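Reading the structure
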Amino acid sequence: MAEQDTIADIAIVGAGLVGVPLAQVLAAQGWQVVLLDAQGPMADVAAASDAATHYLKQRCTAVSLGTQRWFDRHGLWSAIAEDAAPIRQVVVSHKGYFGATRLTAAEMGVDALGHVLDNQHLVESLQPLLAQSSVDHRTAARVVAVRPQEGFVEVQLEGGDRVRARLLIAADGVGSVVRESVGITTTQVDYQQAAVLSMLKLADAHGDVAHERFTDSGPLALLPRKGPYMNVVDCIEPEQQAEMSSLHDADYLARLQSRFGYRLGRFEAVGPRLVLPLVRIEATAQTASRTLLLGNAVRLLHPVGGQGYNLAMRDVECLVQLLQGQLDADPGDAQLLAEFVAARQSDQQQVVRFTDTLARSFRGHASLPGHVRSAALLGLDTLTPLRRRFAGRTMGLSS
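Residues numbered from 1 in each chain as written. Predicted model: local features only at pLDDT ≥ 70, side-chain atom pairs only at ≥ 80, totals over all residues. Heavy atoms only, no water.

Comments concerning the overall build of the chain
- For the chain, the count of helices and strands is 14 helices and 20 strands.
- Scored against the burial criterion, the 399 residues of the chain give a buried share of 53%.
- As displayed, the chain offers around 16,900 Å² of accessible surface, 51% of which is attributable to carbon and sulfur atoms. (Helix = DSSP H or I, 4+ residues; strand = E, 2+ residues; numbered from the N terminus. Buried < 20%, exposed > 50% of the residue type's maximum accessible area, 1.4 Å probe, protein only. Areas by Shrake-Rupley, 256 points an atom, 1.4 Å probe, with all protein chains shown as cover.)

Laid out in structure tokens, this is it:
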């Protein structure tokens, strides 16, 4: 039988933050896994000659304690831990008003509330483990079409090769080719905001504290990295996109300092900026015939609260649990996929509501609502049970 006619147990499209760890864990369970990577071999991040320049170019993800524990249980955390910057305290505040919420690792009885990781480093650090696994990792494998068949799904690759699998997992991002090919549509919610993503160098140490500061135009998040660096998610009005893209670094740095204040000391330098409109994009279904959407292929959330990746990894955790010890079963069985959808629905809906509420409620210029929002933060900070519930949500330990 020709290689392209071989039917694997599971094919995963997308070798990113979701696809790579999922492929390794499923292969460790005994499944025959093909990982289809549209990119060629990744460049070595360690080749960066200037460490400071490298840090200022990073794109990062906040990994909750729940996600970190999942990586650790499956033997993956040790490979990425060196780059992980711990979050030992989170301060949530509202610019121009009294009231703040402080969440500390010590209060929760843990070493860290979460960690911040460089996206590229996370994926690259897992490559040696991926190479040692039984995963059939195919690079430069760009999907052009998907065709459901009786008993399997056929994936057509650019160049003519085919891959067939009993279960197809789409982890190929917000513009998912798989999702389009199987006919799943999307809905969009425009938050009438944009986000400036960048890295920041401080004059002083950040003390492993993450800041979420709500402003008139939306949240401003500063997340700790190794050394005097912080990852920035700066939400702005949509009409400011062109201006923020064209500002000189010194001018943007001054604007950022003015907007945040001096509670972290002086800001020294800022890296390249990526400006993106903020929308929520959700697939109208998470499954099709023998097909499952994960990560941004199924849902792109507002970045406030850092919930998107951690929600995706709870989806991954659920799938892994459902497939554990089921090697004699059909991984693409419709009943199994329906069970997955039912198990994940509540958590997904709650997280969407949670991020929507944060994105919409802590924004605006009106004075009275501002004082009400400030009082809500102050009340949350003084009521321990509510603060613990809020912490549990952000740490990925409650749903």
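Once the structure has been displayed, the description carries forward.
As for the sheet that holds strand β3 (residues 60–64)
- With antiparallel pairing, the 3 strands of this open sheet are ordered in space as β3-β7-β4. Lying at the two open borders of the sheet, with one neighbouring strand each, are β3 and β4 (85–87). Sheet twist, expressed as the average angle between the axes of neighbouring strands with direction ignored, equals 30°.
- Where β4 lies against strand β7 (residues 114–118), 3 bridges are found, and the strand directions are antiparallel. Each bridged residue has a counterpart across the sheet, and for Ala-85 the counterpart in β7 is Val-116.
- Across the face of the sheet, helix α3 (residues 65–73) comes into contact with β3 and β7 while running at roughly 85° to β3. (Pairing = 2+ DSSP bridges. Axes fitted to C-alpha atoms, helices over the stretch in contact; angles between N-to-C directions. Contact = heavy atoms within 4.5 Å.)

Comments concerning the confidence of the model for the chain
- Mean pLDDT for the chain: 86, with 83% of residues reaching 70 or above.
- Across residues 43–49, where pLDDT falls below 50, the model places 9 contacts with residues more than four positions away in sequence or in other chains.
- Below pLDDT 50 for its whole length, residues 364–380 participates in 32 contacts with residues either more than four positions away or in separate chains. (pLDDT = per-residue confidence, 0-100.)

Here's the deal with the packing of aromatic side chains
- Going through the model one piece at a time under the given rule, you end up with 2 aromatic pairs.
- Between Trp-70 and Phe-71, the ring centres sit 5.4 Å apart and the planes meet at 85°, which makes this aromatic pair edge-to-face. Across this residue pair, the class does not change: Trp-70 and Phe-71 are buried.
- Their ring planes at 35° and their centres at 6.1 Å tell us that Phe-260 and Phe-267 sit as a pair that is tilted. Taken individually, Phe-260 and Phe-267 each receive the classification buried, so the pair is uniform in this respect.
- Between Arg-263 and the ring centre of Phe-260, over which it is positioned, the NZ or CZ distance is 5.1 Å. (Phe/Tyr/Trp six-rings, centres within 6.5 Å; stacked < 30°, edge-to-face > 60°. Lys NZ or Arg CZ within 6 Å of the ring centre and 35° of its normal.)

Observations concerning helix α1 (residues 19–28)
- Taken across its 10 residues, α1 has 9 buried, putting it largely inside the fold.
- Considered for burial, the residues of α1 that qualify are Gly-19, Val-20, Pro-21, Leu-22, Ala-23, Gln-24, Val-25, Leu-26 and Ala-27.

Considerations on the packing of α3 against helix α11 (residues 308–323)
- For the pair α3 and α11, the least separation of the axes is 9 Å and the interaxial angle reads 40°. Judged by the inter-axis angle, α3 sits oblique to α11. Seen from above, α3 lies across α11 with left-handed handedness. When α3 is examined against α11, the residues Thr-67, Trp-70, Phe-71 and Arg-73 are found in contact with a partner set consisting of Tyr-309, Asn-310, Met-313, Val-316, Glu-317 and Val-320.
- Its residues placed into classes, the contact of α3 with α11 shows 6 nonpolar, 2 polar and 2 charged. (Parallel < 35°, antiparallel > 145°, perpendicular 65-115°, else oblique. Left-handed = near helix turned anticlockwise from the far one by under 90°. Nonpolar A, V, L, I, M, F, W, Y, C, P; charged D, E, K, R; others polar.)

Quick notes on the side chain of Asn-310
- Note that Asn-310 resides in helix α11.
- Here Ser-64 takes part through its backbone nitrogen, which lies 2.8 Å from a polar atom of the side chain of Asn-310.
- A polar atom in the side chain of Asn-310 sits 2.8 Å from the side chain of Thr-67.
- Apart from the residues within four sequence positions on either side, Asn-310 is in contact with Ala-62, Val-63, Ser-64 and Thr-67. (Polar contact = N/O pair within 3.5 Å; in protein donor to acceptor, adjacent residues only side chain to side chain.)

Considerations on the pattern of salt bridges
- Inspection of every chain in the model, using the stated rule, returns 20 salt bridges.
- A salt bridge links Arg-88 to Asp-208, with the shortest nitrogen-to-oxygen separation between them at 3.1 Å. Residue Arg-88 is located in the loop between β4 and β5 (89–94), and its partner Asp-208 is located in the loop between β12 (186–202) and β13 (209–215); the two are separated by 120 residues in the primary sequence.
- According to the relative accessible area criterion, Arg-88 is partly exposed, its value standing at 33%.
- As a salt-bridge pair, Glu-282 and Arg-299 come within 2.9 Å of each other at their nearest N and O atoms. Linking Glu-282 in strand β17 (residues 274–283) with Arg-299 in strand β20 (residues 299–300), this pair joins segments that are 17 residues apart in sequence.
- Here Arg-299 falls in the buried class, since its relative accessible area comes to 12%.
- Taken together, the salt bridges that share partners define one network made up of Arg-147, Glu-154, Arg-162 and Arg-164. (Salt bridge = Lys/Arg side-chain N within 4 Å of Asp/Glu carboxyl O.)

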